[in-house]
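For reference, the chains in residue letters:
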Amino acid sequence: RTNDMQLSKNGKKMKDDTLFAIPAPVAEELKPEPKIAKGKTKSVEAQIAIPPLEFTEFEVTMEGTAPYLVAGWTEKAIRMMEDAMTKHVPKPAKGMREKRDPETEFEAYKVKNAKGKESIPALHIKCAMVNAGIRSTTGVYKADLRTAIFVMGDEDGLIPFEYKKCVMRRDMVRNKSGQPDIRWRPEYHGWKARVRLRVNNALITVESAVNLLARAGSMVGLGEWRIEKGGQHGTWKIATKAQKGLT
C-alpha cells in the first residue's frame, strides 16, 4: 500500500476501494458470584429422577408337545472329572473298561429337587426364552432380555413337573475323543410344568413375556435333541393364560 492512501475514521478508504472494519475485542465485565451463607449449598436446577422398579409375577403352564429328553452331566461324571483335576488317579489299563449299569446311569440322569420330584432347571427355560427373543425381534439384545425376565425356581433353581410316562432311552453318542459310546437317559412323555415368571414392567409386558415363552417352546425347546439343535424333542405350548396380580 502506498503512503498516500488515506483512511477515514471508520476504516474505509477515501476512494472507491473499501477495507473490512474489524472492531477491537471488548472485555466483558465479570460479575462477582453471589455469596452463599455458611453451611448452605447451591440449589440444583435439574435433578436426575429415577423411578422405582416395578415387577409383575404370574404363572403359566407349559404343556409338552414332544418328549423331553434329559441332557446334562451325571453326578458320577462330575465326580470323575473333579478327581482327575484334583487327585492323582491312575489311568485304567489298556483294553480294560469299567463295568456299567444301565439302570443306575438312567436314574443318575434324573434331576430331582429336595422333595425327590423330577424337575427342570429354571435357567434352562430362561435361556430358551432369551434365544427365542433374539430370533424373533430385531434390535433386541441378550443382555436386555436377561434383565427383563426372571424364571422363578425353588432354592436350588428347580421347577418340578408332572408326566404320564418315563422311558429309558438308549442312544449311541460320541465322546470328546470321537469314540462311540452308549447313553441311557430318561425320556418323559406327556410332561407338564407350572412356571412362575417375574418381569420388569419397564422393559417388557406380561403379554410379551407369555408370547416369548410360547415362541421358546416352538423355536428352541428343552433338553437333548431339541429344536434349536436340529432335533424334534423338548417342545411345548402354553396351556393356560397368564394370571396377573399374584404378588
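Residues numbered from 1 in each chain as written. Predicted model: local features only at pLDDT ≥ 70, side-chain atom pairs only at ≥ 80, totals over all residues. Heavy atoms only, no water.

### Concerning helix α5 (residues 206–219)
In this model, α5 (14 residues) spans 20 Å end to end at C-alpha, consistent with the 20 Å of a helix rising 1.5 Å per residue. Of all the residues in α5, the buried ones are Val206, Ala209, Val210, Leu212, Leu213, Ala216 and Gly217. The arc that holds the buried residues of α5, viewed along the axis, is 160°, so those residues lie on one side. Lining the buried residues of α5 we find β1 (55–64), α3 (122–136), α4 (142–148), β4 (149–152), β8 (192–200) and β9 (236–238). Where α5 ends, the next residue or the one after it, Gly221, has phi of about 85°, a positive value. (Helix = DSSP H or I, 4+ residues; strand = E, 2+ residues; numbered from the N terminus. Expected span 1.5 Å × (residues − 1). Buried < 20%, exposed > 50% of the residue type's maximum accessible area, 1.4 Å probe, protein only. Arc of directions from axis to C-beta. Contact = heavy atoms within 4.5 Å.)

### Observations concerning α3
Given a rise of 1.5 Å per residue, 15 residues ought to cover 21 Å, and the 21 Å separating the end C-alpha atoms of α3 matches this to within 8%. When we look at burial in α3, the residues that qualify are Ala122, Ile125, Lys126, Ala128, Met129, Val130, Asn131, Ala132 and Gly133.

### Structural notes on unusual backbone geometry
One non-glycine residue, Trp225, adopts positive backbone phi at about 60°. The topology assignment puts Trp225 in the loop between α5 and β9.

### Considerations on the sheet that holds strand β6 (residues 165–174)
Strand order in the open sheet made by the three strands is β2-β7-β6, with antiparallel pairing throughout. At either end of the open sheet lies a strand with only one pairing partner, and these are β2 (68–69) and β6. Note: β2 against strand β7 (residues 180–189), two bridges, orientation antiparallel. Along β7, the bridge assignment pairs Leu69 with Glu187. (Pairing = 2+ DSSP bridges.)

### Notes on the environment of Val195
In this fold, Val195 is placed in strand β8. Spatially, the C-alpha atoms of Val195 and Ile159 are 7.1 Å apart, while their sequence positions differ by 36 residues.

### Topic: the packing of α3 against α5
As a packed pair, α3 and α5 sit with axes 8 Å apart at the nearest point and diverge in direction by 95°. The angle between α3 and α5 falls in the class roughly perpendicular. Along the contact surface, α3 presents Ile125, Ala128, Met129, Ala132, Gly133, Arg135 and Ser136, while α5 presents Ala209, Leu212, Leu213, Arg215, Ala216 and Met219. For the contact of α3 with α5, the class distribution of residues is nine nonpolar, two polar and two charged. (Axes fitted to C-alpha atoms, helices over the stretch in contact; angles between N-to-C directions. Parallel < 35°, antiparallel > 145°, perpendicular 65-115°, else oblique. Nonpolar A, V, L, I, M, F, W, Y, C, P; charged D, E, K, R; others polar.)

### Digging into the pairing of β8
In terms of strand pairing, β1 meets β8 through nine bridges, oriented antiparallel. Pairing of Phe58 across the sheet is with Leu197, part of β8. As judged from the four bridges shared by β4 and β8, these two strands associate in the antiparallel manner. The residue of β8 that forms the bridge with Met152 is Arg196.

### Details of the confidence of the model for the chain
On average, residues of the chain score 81 in pLDDT, and 70% of them reach the 70 mark or higher. Per-element averaging of pLDDT across the chain places helix α1 (residues 75–86) at the bottom with 61 and strand β5 (residues 158–162) at the top with 97. Taken together, the stretch residues 243–247 has pLDDT below 50 and engages in twelve contacts with residues farther than four places along the chain or on a different chain. (pLDDT = per-residue confidence, 0-100.)

### A closer look at the pattern of salt bridges
In this structure the tally under the stated criterion is 15 salt bridges. One connected set of salt bridges, linked through shared partners, spans Glu57, Glu59, Arg194, Arg196 and Arg198. (Salt bridge = Lys/Arg side-chain N within 4 Å of Asp/Glu carboxyl O.)

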